[in-house]
Each structure stands twice: as structure tokens, then as C-alpha cells.
Amino acid sequence: MNATTVLFLSSCGISRLTTPDAPGILMPELLNLHLENNALIEIRANEFVGFPKLRHLSLSYNNIRYINLHAFSGLENLLRIHLNQNNLIDNLGVNVFQNLPSLRVLDISESKITSLNPRQSLSGLTVLEELLLQGNNLHVSDLCNAERYVSLFQDMHNLQNLDLSRNLFRDGFPPSCFKDLRNIRRLYLRSASLSALQPNLFDSLRYLETLSLDDNILQELPSSIFSFQSNLATLYISRNQISSLPTPLMSNLKNLSHLLLARTDVSVLPEDEFSSLLANIDVIDLSYNSLSCSCKNAWFRNWVHANYDKVFLSSTKCSRDSPREFSGKRFIDFDPTLLCGPKVLMYVGISITSGVTIICTILIYYYRWWIRYKLFLLKLWIIGYTEVIDDNDYKYDINIVFHDDNEKWVLDYLVPKLRDREPEAELCVGDDDFTAGMPWIEAIADVIDNSYKSVFIVTNAAISNGWYMTKLRLAVQHINSSKRDAILLIFLEDIDDKNMPYTIRVLMGVNRPYLLWSDDPRYREYFWDELMKTVWKTVKIDFILPI
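The present account deals with the structure reproduced in this document. Just so it is clear, the structure is predicted and the values come from calculations on it, not from any experiment.

A closer look at the state of the cysteines
One pass over the structure, following the stated rule, counts two disulfides. Bridging Cys 144 to Cys 177, the disulfide has an S-S length of 2.4 Å. Judged by the sign of its S-S torsion, about -95°, the cystine formed by Cys 144 and Cys 177 is left-handed. A residue pair is termed long-range when its members are at least 10 positions apart, and Cys 144 in strand E9 (residues 144-145) and Cys 177 in the loop between strand E11 (161-163) and strand E12 (186-188) qualify at 33 residues. Judged on exposure class, the residue Cys 144 and its partner Cys 177 are both buried. What pairs with Cys 293 in a disulfide is Cys 318, and their sulfur atoms sit 1.8 Å apart. Note on the Cys 293 and Cys 318 pair: the S-S dihedral is about -80°, so by sign convention the disulfide is left-handed. Within this pair, whereas Cys 293 is found in the loop between strand E17 (290-291) and helix H3 (298-306), its partner Cys 318 is found in strand E19 (residues 317-318), the two being separated by 25 residues in sequence. You can call Cys 293 buried: its relative accessible area is 0%. Residue classification places Cys 318 among the buried positions, given a relative accessible area of 5%.

Some thoughts on helix H9 (residues 466-482)
In this model, H9 (17 residues) spans 24 Å end to end at C-alpha, consistent with the 24 Å of a helix rising 1.5 Å per residue. N-capping of H9 is provided by Asn 465, with a side-chain oxygen placed 3.0 Å from the backbone N of Trp 467. One or two residues past the end of H9 sits Lys 483, with phi positive at roughly 55°.

Observations concerning a negative patch on the surface
A cluster of acidic side chains, namely Asp 404, Asp 405, Glu 407, Asp 432 and Asp 433, defines a negative patch on the protein surface. By secondary structure assignment, the location of Glu 407 is in helix H6 (residues 407-421).

Observations regarding the layout of surface pockets
Taken as a whole, the second largest pocket spans an internal volume of roughly 280 Å³. Looking at the second largest pocket, it is lined by 15 residues, and the ones nearest its centre are Phe 402, His 403, Asp 404, Asp 431 and Lys 471. Counting residues per element, the ones that place at least two in the lining of the second largest pocket are H6 and H9. When residues of the lining of the second largest pocket are assigned to their parent elements, the largest contribution, three residues, is made by H9.

A closer look at a nonpolar patch on the surface
Together, Leu 378, Ile 382 and Ile 383 make up a nonpolar patch on the protein surface, roughly 310 Å² of accessible area in all. Take Ile 382: it is sitting in helix H5 (residues 368-383).

Reading guide: rules and limits
Residues numbered from 1 in each chain as written. Predicted model: local features only at pLDDT ≥ 70, side-chain atom pairs only at ≥ 80, totals over all residues. Heavy atoms only, no water. Disulfide = S-S within 2.5 Å. Helix = DSSP H or I, 4+ residues; strand = E, 2+ residues; numbered from the N terminus. Buried < 20%, exposed > 50% of the residue type's maximum accessible area, 1.4 Å probe, protein only. Expected span 1.5 Å × (residues − 1). Polar contact = N/O pair within 3.5 Å; in protein donor to acceptor, adjacent residues only side chain to side chain. Patch = residues over 30% accessible without salt bridge, like charges linked within 9 Å, V, L, I, M, F, W, Y side chains within 5 Å. Areas by Shrake-Rupley, 256 points an atom, 1.4 Å probe, with all protein chains shown as cover. Salt bridge = Lys/Arg side-chain N within 4 Å of Asp/Glu carboxyl O. Lys, Arg positive; Asp, Glu negative; His and termini not counted. Charge placed at Lys NZ, Arg CZ, Asp CG, Glu CD. 1 Å grid on protein atoms, 1.4 Å probe; cavity = no way out; pocket = protein on both sides within 12 Å on 5 of 7 lines; lining within 4 Å. Points joined across faces, edges and corners; volume = space filled by probe spheres on them.

Everything listed here is a matter of coordinates, which is why it stays silent on function.
This is how it looks when you write it as C-alpha cells:
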């Protein structure tokens, strides 16, 4: 098997590995080795010396308790190692990864780790880009020692993704704990028992784009904690005890597009603090909150009325301190005009507005084609235009890939909507349009290569299907060869993180667009609008996606 590049030995009941040099095992071309879901309890020295080109090693879902200091000797080219869902406990006191100079991704989540040595456990991993430590029993002392100026991340200047969720950080982080993470993009601290944050904790994280603080016991955020986070786009602080967000905190977040505040104690959103922030916001989630239905929130209720597609208010009700006629009712039903301003002005304003609206509607309808033409010319004059020329003559505009369980949704909802909005678009729906007589794999590749964009309907049943995942991998190969982003993912249901396939994680990890289907009819039209904009948008890429 000298030419083998990928080897799957998952769920085989393997309880022990024999070192390759004993029987003479040598697989020089092996790139991916999968040993998930076996019965391994230890990794001894030199277990993998027969695989010099190995790039991806997965040892997830075993019962590994002991890893020898030289267990990974000979794997100088290893890029990814997955050790999640094991029983490492305190086995990582010394750096068992010291012989992996090329390691980019290290996953040791959900492995019952109780202690780490900040100075030694992960030293030397200078090119590491992703570190997953969620779901262990770590404390702040396992990550950094402020008195000795020692940090677990002291060598990780290239780290971009760090997940420390579901650990025990009750004492809070010292200000210098994350000072070495200068290139971090995504930091996850969900369910970490955090009760307070130091004001300058994130000062060195200048490129931070996503921060998750969900499911903690925070009562407030320091006003200067995001002083240097001008790139922060997504902030999760749901399910905390925060009652207000200070003005300086909001004014620093100039690029914030997603703010999630569900199940917090926020009741009033002062206009001087939030108006500038909401001007650029794409999503704000205030679900399951109790907002004050008073004149203090009148401006926000008016903003919600004008930006209904950007705000989530599921089960959000008027707080107890609201006027009696609104207390306990839905916030969306709160009418500020009944409290804030004379009713005479309201009635006069309604009458005038109604009359003007009727007149304008008649005039717009009568001159509708002329108006559309002038608006189109105005748009070109203001923003300009770029001529896009695509020399490829695609057989299909859209290739729809789905599992049999989702056929009804595709045929009853997706296909009719696409044909209604783009009657002339050529669709390839499922496997019915494959070339007759052509081998199955070649037929799949032929449809993908000859489609402007492939739309994958993602569900739990789909990702468990071998043929579906084969089609997705072939589509990724097409991206790598054509250097053209031609995949769109549509999620019909929630996928558990631990079940999410690696290929889909990669596609989502490089900021590729994806859509989420909602059964709420209020968001249907928004979904179809976003689908049509995304499905016809494609860009060139200058990097290779790992498969």
C-alpha cells in the first residue's frame, strides 16, 4: 500500500498501535490517517514514524489517557491533529507536540483535561492557527501566570481561532493573558463561568472579528474593553446578567454587524448610545428580554418598525415598569404614539400622510416606467458600474444537490421560487438530469463542472449520506481547479457542532456565504431575496481549499 494517501480505520475496535518500525510498516505517501472511535488508551513513542508525509491525524473519540513525549516523532509535515473526546486529564504537563513544527490545527476539546503547564504544555507551536480547548476542566492558572509573565499562548503569534468555551474561569483572566495573540480573529469564551472582565483584557487583539461571551454570569462590561476592536463584526453576549451597555463601549465598535443580546437584563436602549451603532447593524437579537415600553424606548420601537428584517424579538415582552396598558404584552405591539406626543398631532399626521400617500401612489403608478428608468440612470451615475464578462458557457445555471428526505421541500418551495424569479434559468434538480450511460462519479463531476453554481441543501440526513458528501467533495475539487467560488450552502435545520463534516467546516471557515432557512413566514421573502443575490454572485479565489 505504498501509494495510499488516505486511510480510514474508524470504529474498528483498535485498542493498541504497533510501532511502525517493528513490523516494517512504511506508507511514505499517506496524507490522512483516521483512527476515530476506537479503543486506544495510550500513544507510545514513535508510533507514526512510518508516515513521513502525514498531514492530518485524527484520534478523536477514543479513551486515550497517556501520550508519550515522543509519540509524534517523525511527523514534521503534520498540519492537523484531532484528539478531542479522549481522557487526557493531566497528561499534557509536558509538550507532547514539540516534534510537530508545521502543526496548524490542534483539537484537544472535550478530553477531560484538568491541568496544563503554561510554560511547557504547548510551547514551540509557532505556526498554529486554530486551537480548540473547549469542554475541559481548565482554570485560568492553566493558561497564564501573571506573576511570572508566562502564558500558554506565548509562541502562538499566528493563532487565528481559539475556543476556550465550557471551562472553569471563575477567577477571570489577568490583563496580560491574551497579549501574545496578535493575529487572533475568533475567540470563544462561552459557558466559561466568567463573572467579570478586566478593562484592558482584549487590548492586544487588534484584528478580532468574532467574540463569544454567551452563557456566562457577567453583570457588566467595562466601558473601555473594546477600545481597540475596530474590526469586531460579531459579538455574542446572550444569556448573561448584563443590564446596560455603556456609551464608549458601543461607539468603539464601528464595524459591528451582529449583536446578540438574547436573555439578558437589558431593558432600555438609550438613543444616544445605540443610534449610531444600529446604522450599520445587520442583525440584533433581543429575544426573550423584557424591554421597557416607555418613551425611553420609543425611538427603538420606531427603528424596529423600519428595520424589521434586522431584529429578532422572539418572546420579547414589555417589562413590569412599563405603563399598565402595555405591561406583559409583546414589545412589537408597543405603540409609542399613544404615550409620547399629543394625539391630535397623531391624527392630523395620519390624515395628511394618508392623503399624500394616495396621491404619490397614483402618480408613481402612472409614471412607474419613467421613474424606474430615471432611478436606474441615477444609480449608475452615483455608484458607477463594472462590466462582468464570463466566457464560460455553462449548461446549467443552478445545480441543486439534496438528500431524498428533502425532495419535497426542494420541489414544492425552492424550484418553483427559482423558476418564478428567473424563468429562463436552467436548473439541474437532483440526479434526474445526469447524462445517461455515463459512470456515476463522472456524471456528478460533469454536472458540477458545467454549472454556474451548485446549491447544496444541508440537513442531518444529508451529511450522513455517503453520496451526498461525495458530491460536496467533488464540488470543492472543482473550486480548487477552477479558482471560482461556485458553492452555496442552504441549512434547512440546525447541525450539531460535533456532527458538522470537516468539508463544510472548511467552506464556512473561509467566510464563504451560506443561508439559513426559517419556518417563520415573516422572514421568507428576505430569505428568497438573499438567495437570489447570493446565487448569482461568484468571485475568483487565489487559494486552495483542503478537502
